[in-house]
Amino acid sequence: MADTHVLFVEDDDVIREATQLALERDGFVVTAVPDGLTGLESFRARRPDIALLDVMVPGLDGVSLCRRIRDESTVPVIMLSARADSIDVVLGLEAGADDYVTKPFDGAVLVARIRAVLRRFGHASGAAGGAGPEAASEAIEGGVLRFGDLEVDTEGMEVRKAGAPVALTPTEMRLLLEFSAAPGTVLSRDRLLERVWDYGWGGDTRVVDVHVQRLRGKIGQDRIETVRGFGYKLRG
């Protein structure tokens, strides 16, 4: 089984070297670079399994780098931000990041978040077992589900809108599968964090909100309804 390859873009030498060592001790193969342009070159040359991008790096900032990566790949991306309340967190998620971790971070927490993302994306080498979001797809009957002009193929993992294919990231697909399993049912942000992001603890609901917005932009703004004070539901 191949080792999981992590691209880590961080301009602080101490943080970069310490984090690289911590990840390597946990069995990851790490390419650590100090700036965004080098990070983009490394991404294209090495095609890592996951990218960790600090928001504030020289040359090409982390948000712009995330956009460039997302233009070419659905590889999972975790943003690293120095402030939990920073607008950079939202910008990173809007750019296509799947999750974020606030600095300073505990190495064990970072590894847990990496493994949670990799489980969602099906990278067995980074998985740590357990149930989690797999239940979402298991709860759906095989075949094609239809919601108006939206078709969700739960076996082929394909989505079409008015007959045209819709490109979703794996996180967006898992979010849509969760909604599709219970059309018309209000799903709370906490439930979505647990089932889609594999959070066994409280998380930042902005992750859910931004991904719902991204999903709406692809499948139709009126397809997912906001139920204020409770969460979201898919219109059947």
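Residues numbered from 1 in each chain as written. Predicted model: local features only at pLDDT ≥ 70, side-chain atom pairs only at ≥ 80, totals over all residues. Heavy atoms only, no water.

Here we come to the environment of arginine 46. Mapped onto the secondary structure, arginine 46 falls in helix H2 (residues 36-46). Placed 41 residues apart in sequence, arginine 46 and histidine 5 show a C-alpha to C-alpha distance of 8.7 Å. Polar contacts involving the side chain of arginine 46 include one to the side chain of threonine 31, which spans 3.1 Å. (Helix = DSSP H or I, 4+ residues; strand = E, 2+ residues; numbered from the N terminus. Polar contact = N/O pair within 3.5 Å; in protein donor to acceptor, adjacent residues only side chain to side chain.)

Turning to the nonpolar core, a few remarks are in order. By size, the foremost hydrophobic cluster in this structure holds 49 residues, and its most contacted members are Leu53, Met79 and Phe179. With six residues, the top contributor of residues to this core is helix H9 (residues 206-219). Residues contacting methionine 79, with those up to four places away along its chain left out, are Leu53, Val55, Gly62, Val63, Cys66, Gly92, Ala97, Asp99, Tyr100 and Val101. Counting 17 residues, the second-largest nonpolar core is a separate cluster that includes Val6, Ile50, Leu110 and Leu118. (Core = buried A, V, L, I, M, F, W, Y, C linked by side-chain atoms within 4.5 Å. Buried < 20%, exposed > 50% of the residue type's maximum accessible area, 1.4 Å probe, protein only. Contact = heavy atoms within 4.5 Å.)

Once that is clear, we can look at the sheet that holds strand S9 (residues 164-166). Taking strand neighbours across the sheet as the criterion, the four strands line up as S6-S7-S8-S9 in an open arrangement whose pairing is antiparallel. Pairing within the sheet leaves two strands with one partner each, and these edge strands are strand S6 (144-147) and S9. Pairwise comparison of adjacent strand axes, ignoring direction, gives a mean angle of 25° for this sheet. Against the sheet, helix H7 (residues 170-180) touches S6, strand S7 (150-153) and strand S8 (158-161), its axis set at about 105° to S7. (Pairing = 2+ DSSP bridges. Axes fitted to C-alpha atoms, helices over the stretch in contact; angles between N-to-C directions.)

To continue, consider the pairing of strand S10 (residues 224-227). Of the pairings in the sheet, the one linking S10 to strand S11 (residues 231-234) comprises four bridges and is antiparallel in character. From the neighbouring strand, valine 227 faces S11, where its bridge partner is glycine 231. Between S10 and S11, which pair antiparallel and follow one another directly, the connecting turn spans three residues, one of which, glycine 229, has a positive phi of 85°.

Looking now at the sheet that holds strand S3 (residues 50-54). With parallel pairing, five strands are arranged side by side in an open sheet as S2-S1-S3-S4-S5. In this open sheet, the two strands that pair with only one neighbour each are strand S2 (29-33) and strand S5 (99-102). Between one strand axis and the next, the sheet turns through 20° on average, direction left out of account. Examined bridge by bridge, strand S1 (residues 5-9) and S3 share four bridges and lie parallel to one another. The residue bridging leucine 7 from the neighbouring strand is alanine 51, located in S3.

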